[in-house]
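Take a look at the letters that make up each chain.
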Amino acid sequence: MIDQATRGRILSEALPYIRQYSKKTVVIKYGGSAMTDPELKKDVLTDIALLSMASIRVVIVHGGGPEINQWLKKLDIQPKFIDGLRYTDDATMDVVQMTLAGKVGKELAAQTTALGGKAVSLCGLDGNLLKAKQLDEKYGLVGDLVQVDSHLIETLLDSGYIPIISSTASGEHGETYNINADIAASAVAVALNAERLMLLTDVPGILTDPSDPETLIHEMGVSQIPILVKNGIISGGMIPKLKCCEEAIRRGVARAHILDGRLSHSILMEMLTDGGVGTMITA
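Treat the numbers as computed from the prediction; the structure is a model and nothing was measured.

Basis of the calculations
Residues numbered from 1 in each chain as written. Predicted model: local features only at pLDDT ≥ 70, side-chain atom pairs only at ≥ 80, totals over all residues. Heavy atoms only, no water. Salt bridge = Lys/Arg side-chain N within 4 Å of Asp/Glu carboxyl O. Helix = DSSP H or I, 4+ residues; strand = E, 2+ residues; numbered from the N terminus. Expected span 1.5 Å × (residues − 1). Buried < 20%, exposed > 50% of the residue type's maximum accessible area, 1.4 Å probe, protein only. Contact = heavy atoms within 4.5 Å. Lys, Arg positive; Asp, Glu negative; His and termini not counted. Axes fitted to C-alpha atoms, helices over the stretch in contact; angles between N-to-C directions. Left-handed = near helix turned anticlockwise from the far one by under 90°. Nonpolar A, V, L, I, M, F, W, Y, C, P; charged D, E, K, R; others polar.

**Q** Can you help me understand the pattern of salt bridges in this one?
**A** Where charged atoms of side chains with opposite charge meet at close range, the side chains can pair. The tally for this structure, following the rule as stated, stands at 12 salt bridges. For D158, the salt bridge goes to R57, with nearest N and O atoms at 2.8 Å. Of this pair, D158 sits in helix 6 (residues 151-158) while R57 sits in strand 2 (residues 57-62), placing them 101 residues apart in sequence. Residues D260 and R262 are paired through a salt bridge, measuring 2.9 Å at the closest nitrogen-oxygen approach. Among the ionic contacts, a cluster of salt bridges with common partners joins K29, D182 and K241.

Spelled out as C-alpha cells, the structure:
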C-alpha cells in the first residue's frame, strides 16, 4: 500500500506523459507469465484499458505457447521444436490457429472490454493483415513475415478500439503460417509508425549481471546491442528480442522497451513515470 502523498505524486508525474502520448500509437507484445497468471493478466489489461481511455492508441500482438501446448496434449499431438522454433505441421497449425485466434484472442478482448476498453480480436489472416512466406521446410508451416497491411488496424484505432492481434499470417496461396510474436509486433509497430514498441518478458530488462537486478540497464542505444552480445551480456532468447527492437527503431519506431511482465502495472510505470522499470532502447 502507498500513502496519499505518494499516490498524488505518481498521478501528477503521469500527467505530462499522458499528454505526450495522446493520439500516439503504442504496440505491446503480450506474452510470458503475464499471460498465464490471472492476477498479472488483469494488471496488464487494466493498464492497456487505461491507456486507451487516455486517448493513447494501443495495439496488442500476442502468442500463446503454453495454451497451444495444453491443447496439443489434449489432442494427443506431440509438440516438436527445431532450433528453438515450434515445428508446425498441418495438425499443429490447426491447433495454433484455433487456440490463438479462437480462444486466447477472444478472451483477451472480452477481459479488456470488461475493464473499460473497447477491444477487438483479430488474427493475421483478417483482411490480409499479415502476409508471410515459408521460413524453411524443416520448420513446417513457420512463416517469414513479408508484409503488414495496417489499414484494418488504423481503421479500428481511429474508431477508438484496441486491436488484439494473434501472430498467424496468410501465405500467397491461402495457406496459414505460424509467426513469432516478437517479430510480428515489431513489424506492426513499423507499419503503424508507432511511438513505442514494448515487449513483455519474464526478466526485469537487460542486466549486466543476470543474478543482480540492481545491474539493470535503464537506457541503451541500438549501437550497444552487438557489443553486449559479443561480451556475453545478452545471450539466448534475449538476442532475437533485441534484434526485433533494433529493426523497429532503425525503421522509424521512436523507442523500444524490454519489460518485466511479472511486475504489476509495469506498462504504466515504464510509460508514465520518470524512472521507468525496464530497459528502453533508443536510436
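**Q** For this particular structure, what's the right way to read helix 9 (residues 238-250)?
**A** An α-helical segment advances 3.6 residues per turn. Residues three or four places apart therefore align on the same side. Between the first and last C-alpha of helix 9 there are 18 Å, a value that for 13 residues agrees with the 18 Å anticipated at 1.5 Å per step. Buried within helix 9 we find M238, K241, L242, C244, C245, E246, A248 and I249. Where helix 9 is buried, its residues contact strand 1 (25-30), helix 7 (181-191), strand 11 (196-201), helix 8 (225-230), strand 13 (255-260) and strand 14 (279-282). A positive phi of about 115° marks G252, the residue just after helix 9.

**Q** I tried to follow the side chain of K41 on my own but got confused; where do I start?
**A** Relative to the elements of secondary structure, K41 occurs in helix 3 (residues 38-53). As a buried residue without a salt bridge, K41 has its nearest oppositely charged side chain in E107, at a separation of 4.6 Å. If sequence neighbours within four positions are ignored, K41 has contacts with Y30, A34, M35, L108 and Q111.

**Q** It is not clear to me how the side chain of T168 should be interpreted in this structure. Could you clarify?
**A** Relative to the helices and strands, T168 resides in strand 9 (residues 168-170). Residue class for T168 comes out buried when judged on its relative accessible area of 0%. Discounting residues that sit within four places of it in the chain, T168 has contacts with M93, V96, Q97, L100, C123, G124, L125, L130, T176, Y177 and I179.

**Q** Even after reading the chapter, I still don't get the packing of helix 3 against helix 5 (residues 90-114), so can you show me in this structure?
**A** Between two packed helices, what matters for the description is the angle formed by their axes and the separation of those axes. Their axes nearest at 9 Å, the elements helix 3 and helix 5 cross at an angle of 60°. Relative to helix 5, helix 3 is oriented so that their crossing is right-handed. Residues K41, L45 and A49 of helix 3 pack against L108, Q111 and T112 of helix 5. Its residues assigned to classes, the contact of helix 3 with helix 5 comprises 3 nonpolar, 2 polar and 1 charged.

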